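# An overview of the molecular structure
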Amino acid sequence: MTPELGQLALVLALLLALAQSIVPLLGAWRGNRAMVAVARPAAAGQAAFVLVAFALLVWAFLRFDFSVAYVADNSNLALPWYYRIAAVWGAHEGSMLLWVFILNVWTLAVAALSRNLPEVFVARVLAVLGLIAVGFLAFILFTSNPFARLLPMPLDGGDLNPVLQDPGMTFHPPVIYMGYVGFSVAFAFSIAALLGGELEQAWVRWARSWTNVAWAFLTAGIVAGSWWAYAELGWGGWWFWDPVENASFMPWLVGTALIHAQAVTEKRGSLRAWTILLSIFAFSLSLLGTFLVRSGVLTSVHAFASDPRRGLFILCFLLVVVGGSLLLYALRAPKVAGGKAFAPVSRESAILVGNLMFTVAAAMVLLGTLFPLIGDAFNLGRISVGPPYFGFLFTLLMVPVVLLLPFGPFLRWGRGEGGVLRAIALRAGIGAVACALVAAVFVHGQLKAIAGVAAAVWCAVGTLLYVYKRFREMPRGRRYPAEMGGMLLAHFGLGVFLVGVLLSESLSVTRDVRMAPGDVQTVGAYAFRFDGVKQTSGPNWRGSQGTVSVIRNGETLAVMHPQKRTYTREQVQTESAIDPGFTRDLYVALGDPMDASNPAGAWAMRLYYKPFIRWLWAGGLFMMLGGFLAAADRRFRVRRKSESSEAAALPLATARESRA
Amino acid sequence: MSRLLPFVAFLALCGLFGFGIWWNSHHDQTAIPSPLIDKPAPAFALPELDAPERTVTKASLLGKPYLLNVFASWCIECGVEHPLLQAEAPTLGVTLVGYNYKDQPADAKAWLARHGNPYEVLMADLSGKTAIDFGVYAAPESFLIDAQGVIRYKHIGPFTPEVIEKELKPAIAALSEKSS
Amino acid sequence: MNPTRKRRLIIVVLVLAAAAVASGLTVFALQQNMNYLLTPSQVQSGEASGYKTFRLGGMVKQGSIQKAGDSLKVTFTVIDANGAMPVEYTGILPDLFRDNQSVIATGHMDNAHFVATEVLAKHDETYMPQELKDAMAKAHEGKKVAGGDDAMKGTDSR
């Protein structure tokens, strides 16, 4: 009975979403206040029913209701309760429901926190969010129903993919969806602005907080995904440029461009059309990413043959959303180049160059990701694009970004001053070269590592110079407004990230070795001693656990326990052992026993020494914190003021910004 | 005018993909009609997989309708269809005849031991020559042959639940109508 | 030419130049990193001769996995309906690498055998990566029978 209730809840949610979208849009067009006022209650209603449906699915998992096909496919009696909850979003149907659920979280937040914005504008924003919900709810109900029954009911289910049975994987999809789905808010604001003819010039300021928070969540999600790949997939990699990762990276790249473009548009009024276009791209890439990852239909043309309904629905949905918004943009985007002009050397130009690099990078990743599909559609053969394509081009495109980074805050709006820039370039440059020379000694001339140190110091010194400038020039309490603090934190984080990436990529040591119990292998200054393997088991797996002791200078630093687990359905999972450290990770993964009939004998294993690898995730987390901090700036909180005082406050704010 | 550019570019891209998908679905090689429908099945005499000294001939199978399923241990799609066949075979009402195609008997036996053996009759065509008469060019393929030895239905590729419900079962039902 | 027009012209030229450089680099990077997927029968019929590095896809033949006792060298045979290719790989094989598993190995040919630098075997045998399924189906299609008589003469064209 309860699965059918879940389905009913989704149907009701769909009807309410239709009301939420069509009625307010009509009302806004016709000037009908009653219709416009339908938006908030309809959104609340839709959210309530989606919550019910989601809760019922979680309940079905917790109660082992194997009569629901989705539950039977993704859990079994031995699966611990926390992974049964994670299994709700472990496969396609459930993760679509999670997407809609999170869309409702954002919608409710917008509905609740925008009481001071013009009613008609908010109604349009909620209506656009409602349209997106309609699309997803229809997709779920017609092609991907998580509540479909499986009769006769099996006595036990399948299993959640063991690769997903990990704490990291439990919260990675919700966090990353908070990011993906969050860009729908920026999208909705842009569409509402286009529909309303941009009567409200301040809409970009309203949109900024939402966009920064979404971007921060997406950053966190990507960091979590990368960390999970490193810890769970067993082979020491943290980024593979595979379609799933690219699907989350492309919206992130465009989102980074977007948050910077929004800053320009808000403060100077220029680049309005570009900002709107970027928000459309960011959300379109989020949609594309969702479908690439979960339904798999976009990775192979032939997959359409096996499930044409889903593929066709997705294509139509994308066509309507992306095509519709681009058409609206073509018709309604600001035709007059508005805002204050800017010189070739100015903050706007620097941000524009950065925007260009990020957008081209996103396009390049998109091409590489879809290239196999193109090759397939035109019968060019089964092509895959190797990671070096992405790595090479991405690095090239980010060089201008890294070079320009320290100058950003020092550049004035409109026209930058050469003298200040030269001073910065000199100081950051000297710092970078000095540290690079020092590093060169330690890393024995490895070019990538030296470049990494130089780039990181360049960014860090540039950012810290600005921190120092503000400290010296401004009185207490006014030095670091949240928006600026966020920017500085994020830019600093980039420097930290660069250290992590370039040093770990160039200085890592990986060794595949064969070790018998008692053998010792040396990697750098560390000696790894293999102390044999014994059998062990967990709630839903049995496996072999090895013991490896790490010794340096005669002292045992760590005892590591890599495992090889076998889950139900003969699925094998390597659980690597990691000894974390501030300056290095040590990593051991079990291969196979050299002789399968003698697991107590020698084993093939992989030993890693990974210097500074934690810095890359730390850098990402700094960027995430920067995003949240910037969004919290009091400037973005709209207070209901009378018209005159708002108009009076505006020039004051602009004047202050141009000095910053 | 530049405002229109993103929209036009997007439409062009979609058009390209759409064309690719359409082209592919219309040039799907597996959708070839068989000239053998409603024609007598070719005569054959093949050794049994488990007992090569015994022979299964077309004549020996006359009198009852049967579903001839071409499979092999090296064929991945056969593994996909196999559990479905095993589940559905008892309900179909026709004999399930296994046709091991261009396989090593040891491999085939091991594969059946691992995946289950739903076949009431099991024969082996090591060279694939007889399969040519049937027009087989890939595994898995299945032929529904009636009690008089006439091919009434052919399916290329693995069975899916949909194909069994919408095509195979009606074809089997049509057999009994013809004979009654 | 007045200054505004001159500036516009410079901008246009710069943009075109940048676009040309970007496209050129992209094409170059793509060409360097495109990897075709071929099945053993395709390789045996000579389709791999144009590629230095490519991906070999098929199924691991039952009983063909042989591990050297003292090193991490492994040899195994990858098969499809009509072909077989011996493969050599040094290193740790991924989880799920077993007999009758679908596998995709990246590497190059060395005389008659394939030397793999990377081996992927993520799926079990009842679920084959779509592109491998398609590659095998296409390879199979290519060997359709011309006519019954030709085949009867004993040439097994499949």
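Rules used throughout
Residues numbered from 1 in each chain as written. Chains lettered and ligands numbered in written order. Predicted model: local features only at pLDDT ≥ 70, side-chain atom pairs only at ≥ 80, totals over all residues. Helix = DSSP H or I, 4+ residues; strand = E, 2+ residues; numbered from the N terminus. Buried ≥ 20, exposed ≤ 12 C-beta atoms within 10 Å, placed from the backbone. Contact = placed C-beta atoms within 7 Å. Rg over C-alpha atoms; globule rule 2.2 N^0.38 Å. Pairing = 2+ DSSP bridges. Axes fitted to C-alpha atoms, helices over the stretch in contact; angles between N-to-C directions. Left-handed = near helix turned anticlockwise from the far one by under 90°. Core = buried A, V, L, I, M, F, W, Y, C linked by C-beta atoms within 7 Å. pLDDT = per-residue confidence, 0-100. Domains from an automatic or database assignment. Nonpolar A, V, L, I, M, F, W, Y, C, P; charged D, E, K, R; others polar. Parallel < 35°, antiparallel > 145°, perpendicular 65-115°, else oblique. Right-handed = clockwise from strand over helix to strand, strands pointing away. Expected span 1.5 Å × (residues − 1). Arc of directions from axis to C-beta.

### Some words on the overall build of chain B
Scanning chain B from terminus to terminus reveals six helices and seven strands. The helix and strand sequence of chain B, counted from the amino end, reads α-β-β-α-β-α-β-α-β-α-β-β-α. Here chain B holds 180 residues, and the buried ones make up 34% of them. A fraction of 74% describes how many contacts in chain B between residues 6 or more apart in sequence connect residues 24 or more apart.

### Topic: the overall build of chain A
Tallying secondary structure elements over chain A gives 21 helices and 11 strands in all. Its C-alpha radius of gyration of 27 Å places chain A within 12% of the 26 Å reference for a compact globule of 660 residues. Expressed along its principal axes, the backbone C-alpha trace of chain A runs to roughly 80 × 70 × 55 Å. Per-residue burial for chain A yields a buried fraction of 53% across its 660 residues. Within chain A, counting contacts between residues at least 6 apart in sequence, those at least 24 apart form 75% of the total.

### A word on unusual backbone geometry
Generally, phi is negative for residues other than glycine and the peptide bonds are trans, each holding for most cases. Although it is not a glycine, W241 of chain A sits at a positive phi angle of roughly 55°. Within the secondary structure layout, W241 of chain A lies in the loop between α9 (203–232) and α10 (243–268). Of note in this structure, D38 of chain B is not a glycine but carries a positive phi near 65°. By the C-beta count within 10 Å, which is 11 here, D38 of chain B ends up exposed.

### Quick notes on the interface of chain C and chain A
Contact residues are listed per partner, giving 25 residues for chain C and 28 residues for chain A. Ranked by the residues each element gives to the side of chain C that touches chain A, the list is headed by helix α1 (residues 3–33) of chain C, at seven residues. As paired strands, strand β1 (residues 383–385) of chain A and strand β1 (residues 34–38) of chain C are joined by three bridges and run antiparallel to one another. Across the sheet, residue V385 of chain A finds its bridge partner in β1 of chain C, namely M34 of chain C.

### Quick notes on the packing of helix α17 (residues 418–442) of chain A against helix α18 (residues 447–473) of chain A
All names here are of chain A. Running from amino to carboxyl end, α17 crosses α18 at an angle of 145°, the nearest separation of the two axes being 8 Å. Remark: the crossing between α17 and α18 carries right-handed chirality. Counted together, I424, R427, A428, G431, A432, V433, C435, A436, A439 and A440 of α17 and A449, I450, V453, A454, V457, W458, V461, G462 and L465 of α18 form the full contact between these two elements.

### A word on the sheet that holds strand β5 (residues 121–125) of chain B
All names here are of chain B. Reading across from one edge, β5-β4-β3-β6-β7 is the order of the five strands in this open sheet, with mixed pairing throughout. Either end of the sheet is taken by a strand with one partner, and the two such strands are β5 and β7 (151–156). Taken over all neighbouring pairs, the strand axes of this sheet differ in orientation by 20° on average, direction set aside. In the sheet, strand β4 (residues 95–101) pairs with β5 via five bridges, with the strands oriented parallel. Following the sheet pairing, N100 is matched in β5 by A124.

### Points about the nonpolar core
Of all hydrophobic cores here, the largest spans 284 residues; its most connected members are V100 and V254 of chain A. No other element matches α9 of chain A, which puts 19 residues into this core.

### Overview of the confidence of the model for chain A
Looking at chain A, pLDDT values average 86 and 93% of them are 70 or higher. The model gives residues 642–660 of chain A a pLDDT under 50, and that stretch makes five contacts with residues more than four places away or in other chains.

### Some details on the domain arrangement of chain A
Residue and element names in this part refer to chain A. Partitioning chain A into domains gives domain 1 (1–160) and domain 2 (509–612). Summarising the inter-unit geometry, the C-alpha centres of domain 1 and domain 2 are found 44 Å apart. Taken residue by residue, the interface counts six residues in domain 1 and six residues in domain 2. For the side of domain 1 that touches domain 2, the residue count by class is three nonpolar, two polar and one charged.

### Considering the pairing of strand β7 (residues 113–120) of chain C
All names here are of chain C. Pairing analysis gives three bridges linking strand β5 (residues 84–90) to β7, with the strands arranged parallel. What sits directly across from V87, in β7, is F114. Both strand β6 (residues 102–110) and β7 contribute to a ladder of seven bridges, which runs antiparallel. Paired with H108 across the two strands is V115, which belongs to β7. Hairpin connection of β6 to β7: two residues between the antiparallel strands, including N111 at a positive phi of 55°.

### Quick notes on the packing of helix α3 (residues 39–62) of chain A against helix α7 (residues 119–143) of chain A
Residue and element names in this part refer to chain A. Closest axis-to-axis distance for the α3/α7 pair is 9 Å, and the angle between their directions is 30°. In terms of orientation, α3 lies roughly parallel with respect to α7. Two packed elements cross with a definite hand, and for α3 against α7 that hand is left-handed. Seen from α3, the contacting residues are A39, R40, A42, A43 and Q46; seen from α7, they are V122, A123, L126, A127, G130 and A133. Here the contact of α3 with α7 is built from residues that sort into eight nonpolar, two polar and one charged.

### Quick look at the sheet that holds strand β9 (residues 577–579) of chain A
All names here are of chain A. With respect to topology, four strands assemble into an open sheet ordered β2-β11-β10-β9, the strand pairing being antiparallel. Only two strands of the sheet have a single neighbouring strand rather than two, namely β2 (509–515) and β9. When strand polarity is set aside, the average angle formed by the axes of neighbouring strands in this sheet is 20°. Inspection of the sheet shows β2 paired to strand β11 (residues 603–611) by seven bridges, in the antiparallel sense. Residue pairing in the sheet places M515 in a bridge with W603 of β11.

### Details of the pairing of β5 of chain B
Within β5 of chain B, four of the five residues are buried, leaving the element largely enclosed by the surrounding structure. The parallel pair β4 of chain B and β5 of chain B is bridged by helix α4 (residues 105–115) of chain B, and the resulting crossover is right-handed.

### Remarks on the environment of W74 of chain B
Structurally, W74 of chain B can be placed in the loop between β3 (66–71) and α3 (76–92). For the pair W74 of chain B and F143 of chain B, spaced 69 residues apart in sequence, the C-alpha separation works out to 20 Å.

### What about α10 of chain A?
Every α-helix winds through 3.6 residues per turn, so residues three or four apart in the chain are directed the same way. Here α10 of chain A is 26 residues long and its end C-alpha atoms lie 37 Å apart, about the 38 Å a rise of 1.5 Å per residue gives. Phi turns positive, to about 80°, at G269 of chain A, one or two residues after α10 of chain A.

### Quick word on the environment of G58 of chain C
All names here are of chain C. As for its position among the elements, G58 is in strand β2 (residues 54–60). Through-space distance from the C-alpha of G58 to that of L38 is 8.6 Å; in sequence the pair is 20 residues apart. When neighbours within four sequence positions are excluded, G58 is seen to be in contact with T39, P40, V78, I79, D80 and V103.

### Quick word on α4 of chain B
Residues and elements named next belong to chain B. Among all positions of α4, only A108, W111 and L112 are buried. Looking straight down α4, one finds its buried side chains confined to an arc of 95°; they lie on one side. Among the exposed residues of α4, those oriented more than 90 degrees off its buried face are A106, A113 and R114. Where α4 is buried, its residues touch β4 and β5. Just downstream of α4, G116 is the residue with a positive phi angle, here 100°.

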